[in-house]
Amino acid sequence: MQLLFSLLIIVLAVSGYVYKFFFRFQVKNLPFFNNLLYNLELLLEITNTPIAIMACQRKRHMYQHVLQRFAVLHQDGSRSELRWMRTWFHRLFLVAAGTFLVMLVVDISAWQSPVMSLASFWSVHIPTMISALAVSQYWYAIMFILRHRRQLNRVLESCSSRLYGTHRLDVLEDLRRQHSELHELVLYVNDGYGKLLLNTTVTVVVVVNVELLELYQYIRHGITSSSIFWFVMYAVIWFFLHLGLLLMIVYPCHWTEYEVPRLVLDDNYVNRVVGGQAAANGSAPYQVSLQVPGWGHNCGGSLLNDRWVLTAAHCLAGSNPNDLEVLVGTNSLKEGGQRYKADKLFYHSRYNRPQFHNDVGLVRLAKSVTFSNLVQSIAYSEKEVPANVTVRLTGWGRTSAGGSVPTLLQTINLVTLSNEACKAKSTNPKNVDVGHVCTLTKTGEGACNGDSGGPLVYDGKVVGVVNFGVPCALGYPDGFARVSYYHDWVRTTMATNS
């Protein structure tokens, strides 16, 4: 039914355009209506219609996530947030409905022909209304994300200097959960509206030029009849309407980039070592700590060479490289080592699509690392790690769920599982695919909250990147990005951006 209705709208829009195209040749006193630019305007308006309709499924999926977030806000008692969103929704609806009705009245008064007005309704007003609604939804979602990013930054600025130890980690994890939800919304918004916004922007530029040309022609020839007066009104309203759409596209894009959360964040299903022991100094010289100034350690990583660090995508998504430092050459988070600034961040283009998949990223350092006995690179494996072999996990963090946060690097030996065994023992088998490698020994040994991005090592090479788990070491498998599966992505990314 939805497909038939969409096809009907497109057919009516094209039919209206064809009628208007031939009818305009009969308008002798308005010859500039027949120029190429005007017909390009109509064609672009009509093209937006199928693009907007095809994006409906993605938009509906995106708004399910928005509604879920609304539910969380309601439970948290943030009624002012709901009032703000409701107020803006009502404003947009009233402006859109009012503008649409005014344009219908002006169009009928200008053409003084019911058939021509009907053709305008289907070829101009309906496509423009669909585009305007899509742009309004985009603006609505982006402003929602922007507002929450500003709130996250205010929280960080207010408490980064006052929180320490375990309590600071609890606050961080709550902020990580919120950021994960916002980042997921950004992915859906960009996927659902990318092509539509590009086509709409081109359409708006053409429409603005056409209306300016029409206004110039009206002024040049003079308003010689009431019909001409209504055409002038039509051009003025159309000009400001599309200028408003352009601002709704450009404004939130700019501020969303500016308000990137000043924090490297990971999911609340993140991993640290449980049941291990303190690593000997220099036993893992490839291990690095990704740190946020003022907050300290956030994620782990592996030094692949003097400029590149391998980590998890969710440690990098939505973050600014200027807010990230890499600590190398120490097992202690409190002393020793050298710090290097990040230069650029890369993560897989299909990260978190579907959820917990393609969670791999790279950090390019601003300058080369100086190697020593405590700072060494590690090779990344091209071969798939077998099942039922012993591998080594290292990382900083809690040694139990809700437990203390150690300052010394922890290490533990784990055993790999086949993907079939991993799915059978997992609480959510769909999170596991060929891009993952799993480990499990026994209850009380495994991963816990905090240190995603850390290395899983086998035969002297990194074979996994810490992704997800059920905190903490409760007898369920821990999931890692399988490095051999992403080997080509890692190699290509480093080669093209070195």
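Because the structure is a prediction, the values reported are computed rather than measured.

Enquirer: Whenever I open this one, the nonpolar core confuses me. Can you help?
Expert: As a rule of thumb, nonpolar side chains are buried together in soluble globular proteins. Core analysis: the largest hydrophobic core is formed by 40 residues, its most contacted members being L290, L310, L362 and V363. Secondary structure elements with two or more residues in this core: β3 (287-292), β4 (296-303), β5 (308-311), β6 (325-328), β7 (338-347), β8 (361-365), β15 (461-468) and α9 (487-496). Of the residues forming this core, the biggest block, four residues, is contributed by β7. Beyond its immediate chain neighbours, meaning those up to four positions away, V363 contacts R307, W308, V309, T311, L316, L324, V326, A342, K344 and L345. Counting 15 residues, the second-largest nonpolar core is a separate cluster that includes Y138, L146, F239 and L245.

Enquirer: What is the right way to read the side chain of N352 from this model?
Expert: Looking at where N352 falls in the secondary structure, it is placed in the loop between β7 and β8. Only 2.9 Å separates the side chain of N352 from the backbone nitrogen of F356, close enough to count as a polar contact.

Enquirer: What is the right way to look at the pattern of salt bridges in this model?
Expert: When the charged atoms of two side chains lie near each other, side chains of opposite charge can form a pair. Scanning the model with the defined rule gives six salt bridges in all. Between R339 and E325 there is a salt bridge, and its shortest N-O distance comes to 3.6 Å. Here the residue R339 occupies a position in strand β7, and E325 occupies one in strand β6, the gap between them amounting to 14 residues. Overall, the relative accessible area of 45% leaves R339 in the partly exposed class. Judged by its relative accessible area of 16%, E325 falls in the buried class. In this structure, the salt-bridge partner of E325 is K341, at a minimum N-O distance of 3.3 Å. Of the two residues, E325 sits in strand β6 while K341 sits in strand β7, which places them 16 residues apart along the sequence. Sharing partners across several salt bridges, the network here consists of E325, R339 and K341.

Enquirer: What should I look at first to understand the packing of aromatic side chains in this one?
Expert: For any two aromatic rings, the description comes down to two numbers: the centre-to-centre distance and the angle of the planes. Inspection of every chain in the model, using the stated rule, returns six aromatic pairs. Ring plane angle 85 degrees and centroid distance 5.0 Å describe the contact between Y485 and Y486, whose orientation is recorded as edge-to-face.

Enquirer: How do you make sense of the state of the cysteines when you look at a structure like this?
Expert: Put plainly, two cysteines are in a disulfide when a covalent bond ties their sulfur atoms together. Going through the model one piece at a time under the given rule, you end up with two disulfides. Paired by a disulfide, C422 and C438 hold their sulfur atoms 2.0 Å apart. Between C422 and C438, the disulfide has an S-S torsion of -65 degrees and is therefore left-handed. Taken as a pair, C422 in helix α8 (residues 419-425) and C438 in strand β12 (residues 436-439) lie far apart in primary sequence, 16 residues in all. Residue C422 is classed as buried on the basis of its relative accessible area of 1%.

Enquirer: Would you explain the sheet that holds β8 in this entry?
Expert: Where strands meet in a sheet, backbone hydrogen bonds hold them as pairs that are either parallel or antiparallel. As summarised here, the arrangement of the six strands in space is β3-β4-β5-β8-β7-β6, forming a closed barrel in which the pairing is antiparallel. Here the strands of the sheet are splayed against their neighbours by 45 degrees on average, with no regard to which way each runs. Sheet topology note: the β4/β5 ladder contains two bridges and is antiparallel. Looking at β5, one finds that S302 is bridged to L310. Against the sheet, α9 contacts β5, β7 and β8, and its axis sits at roughly 25 degrees relative to β8.

Enquirer: Can you walk me through unusual backbone geometry in this structure?
Expert: Residues other than glycine predominantly adopt negative phi, and peptide bonds predominantly adopt the trans conformation. In this structure, P354 follows R353 across a cis peptide bond, with omega equal to 0 degrees. As for its position among the elements, P354 is in the loop between β7 and β8. With phi around 55 degrees, N358 is a residue other than glycine that occupies positive phi space. Overall, the relative accessible area of 12% leaves N358 in the buried class. In this structure, N388 takes a positive phi of about 65 degrees despite not being glycine. Note on placement: N388 falls in the loop between β9 (379-380) and β10 (390-395). Its relative accessible area of 64% is what places N388 among the exposed residues.

Enquirer: Just to check I follow, could you spell out the UniProt feature "transmembrane region" (unreviewed entry) in the chain for this structure?
Expert: The positions that UniProt labels "transmembrane region" (unreviewed entry) are, in the present scheme, residues 88-106, 126-146 and 228-251. Secondary structure across residues 126-146 divides into 100% helix and 0% strand, with the first and last C-alpha atoms of the span separated by 30 Å. With 100% helix and 0% strand, the stretch residues 228-251 has end C-alpha atoms that lie 35 Å from each other.

Enquirer: Can you help me understand the confidence of the model for the chain in this one?
Expert: Regions with low pLDDT carry predicted coordinates that are not meant to be interpreted in detail. For the chain, the average pLDDT comes to 77, and 67% of its residues sit at 70 or higher. Mean pLDDT in the chain bottoms out at helix α3 (residues 56-76), which sits at 53, and peaks at β5, which reaches 98. Note on residues 160-166: pLDDT is under 50 here. Beyond four places in sequence and across chains, it has eight contacts. When the criterion is pLDDT under 50, residues 260-272 qualifies, and its contacts beyond four places in sequence or with other chains add up to 80 contacts.

Thresholds applied
Residues numbered from 1 in each chain as written. Predicted model: local features only at pLDDT ≥ 70, side-chain atom pairs only at ≥ 80, totals over all residues. Heavy atoms only, no water. Core = buried A, V, L, I, M, F, W, Y, C linked by side-chain atoms within 4.5 Å. Buried < 20%, exposed > 50% of the residue type's maximum accessible area, 1.4 Å probe, protein only. Helix = DSSP H or I, 4+ residues; strand = E, 2+ residues; numbered from the N terminus. Contact = heavy atoms within 4.5 Å. Polar contact = N/O pair within 3.5 Å; in protein donor to acceptor, adjacent residues only side chain to side chain. Salt bridge = Lys/Arg side-chain N within 4 Å of Asp/Glu carboxyl O. Phe/Tyr/Trp six-rings, centres within 6.5 Å; stacked < 30°, edge-to-face > 60°. Disulfide = S-S within 2.5 Å. Pairing = 2+ DSSP bridges. Axes fitted to C-alpha atoms, helices over the stretch in contact; angles between N-to-C directions. UniProt positions renumbered as here; feature names shortened; annotations may be inferred. pLDDT = per-residue confidence, 0-100.

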